[in-house]
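One-letter residues, chain by chain:
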Amino acid sequence: MKILFLVYHGFSDHSGISKKIHYQVKGLKENGYDVRLCYYGFAENGHRCRFVDDEIIKDYGKGKWAGIRQRLDYDCIYNYCIREGIEFVYARSFMNANPWLISFFKKTHKAGIHAVTEIPTYPYDKEFNHNMNWDMLMGLWIDKRFRRNLYRYMDAMVTFSDAKEIFGQKTINISNGVDFDSIPLHHCQQPIANGQLHLIGVAEVHPWHAFDRVIAGIGEYYSQQRKANSQQHKVYFHVVGGVHPNHMRVYFEPLIEKYQIRDKIIFHGTMFGKELDDVFNQCQFAIGSLGRHRSGITVIKTLKNREYATRGIPFIYSEQDSDFDHQQYVLKAPADETPIDIQKIIDFVNSRSWNPEEIRKTVEPLQWKYQMKKVVDAVFTPQ
């Protein structure tokens, strides 16, 4: 089967989303499918282009009008699908429903080409409350206006939630997947050594990660120790990933100043490869999302939870995730604004010796090759 994996943007070596897409493509190929990756980016001469793998299928040129044309022109993708005999289009939503995209999928539908769209997070409208610039608000308004009409031309919507219907279309429910080849096992002395607990949170930080709850929890932990005139453990929080200056100013700095814990919160910035592995191996416990309720999301299967489990490190989160809610290596936090109870994490980490290989084994069914196979089977062998 020939599959076109359609992405409406380009890629970055440092982006978790970019890596995820490439792992999804790899997962499809591991099932024996002929998969081509279609994306938008820049050629070496600076021209805006539409690519399929390394082939340019449309050169839009340079400048403002080139940028506009790439948002309106999908004929090159349709012509490629017809010419190459594409049987299935797997698209990843960019919250970009519009009349031109509707026209593209209407034509592919008429040509007998199956299609699904993956919604990375659902519902997503409230996420825009934290990014109130004009372009994003206008983009969301256009998406709301046209998305139900767009998705009627899909076979289904792919979602990492438990939703049975999205924007009037039936869903295929899968989990975010993992690629075992790209994530090494965790190596850290357990339980807490030398009286030091090191926590790690990896994300391009947004309000729904709620890392401020961890900072507040560490602050409260040290405040209680000072009041009791005792010090049992030193606790450090390693934040790996980009933090917007406004987020730092609004969410992090006031808490760090209030509790005087600047030396306990370490901001590493974006890291990957051995550099990231070294920080992980310094830490005994990981921090997942603690504020999905801020975006109106209750149920979600985040990629980060799966990556932590693949490494084999215990972790905490606050949403509902049926793949992990029952696991012994998971500590659930309440979905509210309370500071995280650091003593509870200390007791949890010290409660047993955590075996990374045993933790990793629990997520074998979540590898991308199995998750992507579920999508293809649901479309081509429906129940």
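A few points on the structure. (Residues numbered from 1 in each chain as written. Predicted model: local features only at pLDDT ≥ 70, side-chain atom pairs only at ≥ 80, totals over all residues. Heavy atoms only, no water.)

Points about the overall build of the chain
The number of helices and strands found in the chain is 12 helices and 15 strands. Relative to the globule expectation of 21 Å for 383 residues, the C-alpha radius of gyration of the chain, 22 Å, shows essentially globular dimensions. In terms of overall dimensions, the chain has C-alpha extents of about 75 × 40 × 40 Å along its principal axes. Expressed as a percentage of the 383 residues in the chain, the buried residues total 53%. Of the contacts made within the chain by residues no fewer than 6 positions apart, 70% connect residues no fewer than 24 positions apart. Working note: accessible area of the chain is about 17800 Å², and carbon and sulfur atoms make up 50% of it. With 49 positive and 44 negative side-chain charges, the chain shows a separation of 4 Å between the mean positions of the two kinds. (Helix = DSSP H or I, 4+ residues; strand = E, 2+ residues; numbered from the N terminus. Rg over C-alpha atoms; globule rule 2.2 N^0.38 Å. Buried < 20%, exposed > 50% of the residue type's maximum accessible area, 1.4 Å probe, protein only. Contact = heavy atoms within 4.5 Å. Areas by Shrake-Rupley, 256 points an atom, 1.4 Å probe, with all protein chains shown as cover. Lys, Arg positive; Asp, Glu negative; His and termini not counted. Charge placed at Lys NZ, Arg CZ, Asp CG, Glu CD.)

A word on the sheet that holds strand β13 (residues 285-287)
In spatial order, the strands read β12-β11-β10-β13-β14-β15; together these six strands make up an open sheet with parallel pairing. A strand with exactly one partner marks an edge of an open sheet, and here the two such strands are β12 (265-269) and β15 (330-332). Averaged over all pairs of adjacent strands, the angle between strand axes in this sheet comes to 25°, irrespective of strand direction. Helix α8 (residues 273-280) rests against β10 (196-202), β11 (234-240) and β12 of the sheet, and its axis sits at about 140° to β10. (Pairing = 2+ DSSP bridges. Axes fitted to C-alpha atoms, helices over the stretch in contact; angles between N-to-C directions.)

Here we look at the environment of Gly61
Structurally, Gly61 can be placed in strand β4 (residues 55-61). Gly61 sits in the buried class, given a relative accessible area of 14%. Measuring from C-alpha to C-alpha, the distance between Gly61 and Thr117 comes to 28 Å, with 56 residues separating the pair along the chain. Apart from the residues lying within four places of it in its own chain, the contact partners of Gly61 are His47, Arg48 and Ala66.

Considering the packing of aromatic side chains
Tallied over the entire structure, the rule returns 21 aromatic pairs. Between Phe324 and Tyr329, the ring centres sit 6.4 Å apart and the planes meet at 65°, which makes this aromatic pair edge-to-face. Owing to a relative accessible area of 1%, Phe324 belongs among the buried residues under this scheme. Overall, Tyr329 belongs to the buried group, its relative accessible area being 3%. Grouping aromatic residues by their ring pairs yields a cluster made of Phe280, Tyr308, Phe315, Tyr317, Phe324 and Tyr329. Across from the ring centre of Tyr222, 5.1 Å away, lies the NZ or CZ of Lys264, which sits over that ring. It is Arg360 that lies over the ring of Phe180; its NZ or CZ is 4.4 Å from the centre. (Phe/Tyr/Trp six-rings, centres within 6.5 Å; stacked < 30°, edge-to-face > 60°. Lys NZ or Arg CZ within 6 Å of the ring centre and 35° of its normal.)

Some points on the pairing of strand β6 (residues 114-119)
With five of six residues buried, β6 is to be regarded as a mostly interior element. Where strand β5 (residues 88-92) lies against β6, five bridges are found, and the strand directions are parallel. Residue pairing in the sheet places Val89 in a bridge with Ala115 of β6. For the crossover from β5 across helix α4 (residues 99-110) to β6, the handedness is right-handed. In this structure, β6 lies alongside strand β7 (residues 156-159), joined through four bridges in parallel fashion. Its bridge partner lying in β7, Thr117 is registered against Met157. (Right-handed = clockwise from strand over helix to strand, strands pointing away.)

Structural notes on the pairing of β12
Both β11 and β12 contribute to a ladder of four bridges, which runs parallel. Its bridge partner lying in β12, His238 is registered against Ile266. The parallel pair β11 and β12 is bridged by helix α7 (residues 245-259), and the resulting crossover is right-handed.

Details of unusual backbone geometry
Where the residue is not glycine, phi is negative for most of them; where a peptide bond is considered, it is trans in most cases. In this structure, Met95 takes a positive phi of about 55° despite not being glycine. With respect to the helices and strands, the residue Met95 is situated in the loop between β5 and α4. Judged by relative accessible area, which is 24%, Met95 ranks as partly exposed. For Ala210, which is not a glycine, the phi torsion comes out positive at approximately 55°. Topologically, Ala210 is positioned in the loop between β10 and α6 (211-228).

Some points on a nonpolar patch on the surface
Where nonpolar side chains cluster on the molecular surface, the patch consists of Trp134, Met138, Trp141 and Ile142 and spans about 470 Å² of accessible area. Tracing the backbone through its elements, the reader meets Ile142 in helix α5 (residues 134-151). Residue classification places Ile142 among the partly exposed positions, given a relative accessible area of 31%. (Patch = residues over 30% accessible without salt bridge, like charges linked within 9 Å, V, L, I, M, F, W, Y side chains within 5 Å. Salt bridge = Lys/Arg side-chain N within 4 Å of Asp/Glu carboxyl O.)

Some details on the environment of Ile142
Between the alpha carbons of Ile142 and Val25 there is a distance of 29 Å; along the sequence they are 117 residues apart. Here Ile142 is in contact with Ala97 and Asn98, once residues within four sequence places are set aside.

Comments concerning helix α3 (residues 75-84)
Listed in full, the buried residues belonging to α3 are Cys76, Ile77, Tyr78, Tyr80 and Cys81. Contacts made by the buried residues of α3 are with β1 (2-6), β2 (34-42), β3 (48-52), β4, β5 and α4. Immediately downstream of α3, the backbone of Gly85 shows phi near 70°, a positive value.

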